[in-house]
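Close look at the chain arrangement
Here is what each chain is made of, one letter per residue.
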Amino acid sequence: MFQALKKLFAPKPKFKPGPPPPPRLVITRSCIEGLGECLAPEIERGHEGIAYLLGQSDGTTTVAVAAVRPKARTTRGSFAVEAPAMARVVRAAVDRGLQVVGQVHTHPGEAYHSDGDNDGARIAFTGYVSMVLPDYGRQLPALTGAATYFFQAGSRFIPMVADAITVIEGQVE
């Protein structure tokens, strides 16, 4: 009996958590269609475009359910969103009980996160997603060639693997 009590009250091994789960993006098909509508004027003009994703994030999994087009200045090689326009995007999210969980912008050629994309990110918190679409987003609603990044505090934007992105068919109501 003494051995049983000794075993019961003996120090337990310390809990060692495993690695954190990999980042994930879940995006609805209707959100992707909304991206096409948001970016259509710039696609037509051959300009870089910008849209923001609304949804929720717990810092590991980000769920995007809507896209919002901000007022922006665009050119063939850049875009700029001023603070008042960004504030309207945040207000649109808050009014719907959502967060601004990501941005999607286009490049004229291949998709990658440039130094300017890193430095110009207006919002950055663990779980924030940044997606870059190639060829001004002309492949939408397909995400072919997209480069997607996940913000992690301390490490900036890190690339996401393609199988970490799930598209949900149908609409969220």
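As the structure is a prediction and not an experimental result, all values here were calculated from the model.

Helix and strand content of the chain: four helices and ten strands. Counted from the first residue to the last, the chain has its helices and strands arranged as α-β-α-β-β-β-β-α-β-α-β-β-β-β. Counting only C-alpha atoms and orienting by the principal axes, one finds that the chain spans roughly 80 × 35 × 30 Å. Counting every position in the chain, which comprises 173 residues, the buried fraction comes to 40%. For the chain, the proportion of contacts with a sequence separation of at least 24, taken over those separated by at least 6, is 69%. Roughly 9800 Å² of accessible area belongs to the chain as shown, and the carbon and sulfur atoms make up 58% of that amount.

Moving on, we come to helix α2 (residues 29-45). In a regular helix each residue adds 1.5 Å, so 17 residues correspond to 24 Å; α2 covers 25 Å between its end C-alpha atoms and thus fits that length. Roughly 55° is the biggest bend found in α2, and it falls at Leu39, with proline Pro41 one to four residues downstream. Just past α2, the residue Gly46 takes up positive phi, approximately 70°.

Tracing the backbone shows Met86 in helix α3 (residues 83-95). Under the relative-accessibility criterion, Met86 is labelled buried at 7%. Sequence separation between Met86 and Lys71 is 15 residues; the distance between their C-alpha atoms is 8.2 Å. Beyond its immediate sequence surroundings of up to four residues, Met86 is in contact with Tyr52, Val81, Val100, Arg122 and Ile123.

The next point concerns the environment of His47. With respect to the element layout, His47 can be found in the loop between α2 and β2 (50-57). Sequence separation between His47 and Asp58 is eleven residues, and the spatial gap between their C-alpha atoms is 33 Å. The residues contacting His47, other than those within four sequence positions of it, are Glu42, Thr74, Thr75, Arg76, Thr106 and Tyr136. Of the polar contacts made by the side chain of His47, one reaches the side chain of Arg45; its length is 3.0 Å.

Looking now at the packing of aromatic side chains. Considering all chains together, one arrives at two aromatic pairs under this definition. Taking the centre distance of 5.1 Å and the plane angle of 70° together, the rings of Phe151 and Phe157 count as edge-to-face. Phe157 matches Phe151 in its accessibility class, with the two residues each being buried.

What follows covers the side chain of Thr62. Structurally, Thr62 is set in strand β3 (residues 61-68). Thr62 sits in the buried class, given a relative accessible area of 0%. A distance of 3.0 Å separates a polar atom in the side chain of Thr62 from a polar atom in the side chain of Ser57. What Thr62 contacts, discounting residues up to four positions off in sequence, is Arg24, Leu25, Val26, Gln56, Ser57, Val101, Gly127, Val129 and Phe150.

Okay, the nonpolar core next. Counting 20 residues, the largest nonpolar core has Leu25, Ile27, Leu39, Leu53, Ala64 and Val104 as its most contacted members. When residues of this core are traced back to their parent elements, those giving at least two are β1 (24-28), α2, β2, β6 (99-106) and β7 (129-133). When residues in this core are grouped by element, the largest group, six residues, is from α2. Beyond its immediate stretch of four places on either side in the chain, Ala64 contacts Leu25, Val26, Ile27, Thr28, Cys31, Leu53, Leu54, Gly55 and Val101. By size, the runner-up hydrophobic cluster in this structure holds 19 residues, among which are Ile50, Tyr52, Val89 and Tyr128.

Scoring rules and cut-offs
- Per-chain numbering applies: the sequence of each chain, read as written, is numbered from 1 onward.
- This being a predicted model, a pLDDT of at least 70 is required before a residue's local features are given, and a value of 80 or more before pairs of side-chain atoms are given or counted; all residues contribute to the totals for chains, interfaces and linings.
- Side-chain descriptors were evaluated using all non-hydrogen atoms of the structure, hydrogens and water having been removed beforehand.
- The helix count covers DSSP runs of H or I at least four residues long, the strand count covers runs of E at least two residues long, and both are numbered beginning at the N terminus.
- Residue burial is assigned from relative accessible area. The probe radius is 1.4 Å, only protein chains are included, and a residue is buried under 20% of its type maximum, exposed over 50%, and partly exposed in between.
- Note on contacts: a residue pair qualifies if any of its non-hydrogen atoms lie within 4.5 Å across the two residues.
- Only the protein chains shown count as cover for residues, with accessible areas throughout obtained via the Shrake-Rupley method and a probe of 1.4 Å.
- Expected span of a helix, by definition, is 1.5 Å for each gap between consecutive residues, and there is one gap fewer than residues.
- A residue's bend is given by the angle between axes fitted to the 7 residues ending at it and the 7 residues starting at it.
- Definition of a polar contact: a pair of N or O atoms within 3.5 Å, with one able to donate and the other able to accept a hydrogen when the atoms are protein atoms, and with sequence-neighbouring residues admitted only if both atoms are side-chain atoms.
- We call Phe, Tyr and Trp rings a pair once their centres come within 6.5 Å, taking the six-membered ring for Trp, and we label the pair stacked below 30 degrees between planes, edge-to-face above 60, and tilted otherwise.
- What we call a nonpolar core is a set of buried Ala, Val, Leu, Ile, Met, Phe, Trp, Tyr and Cys residues that are connected through their side-chain atoms within 4.5 Å.

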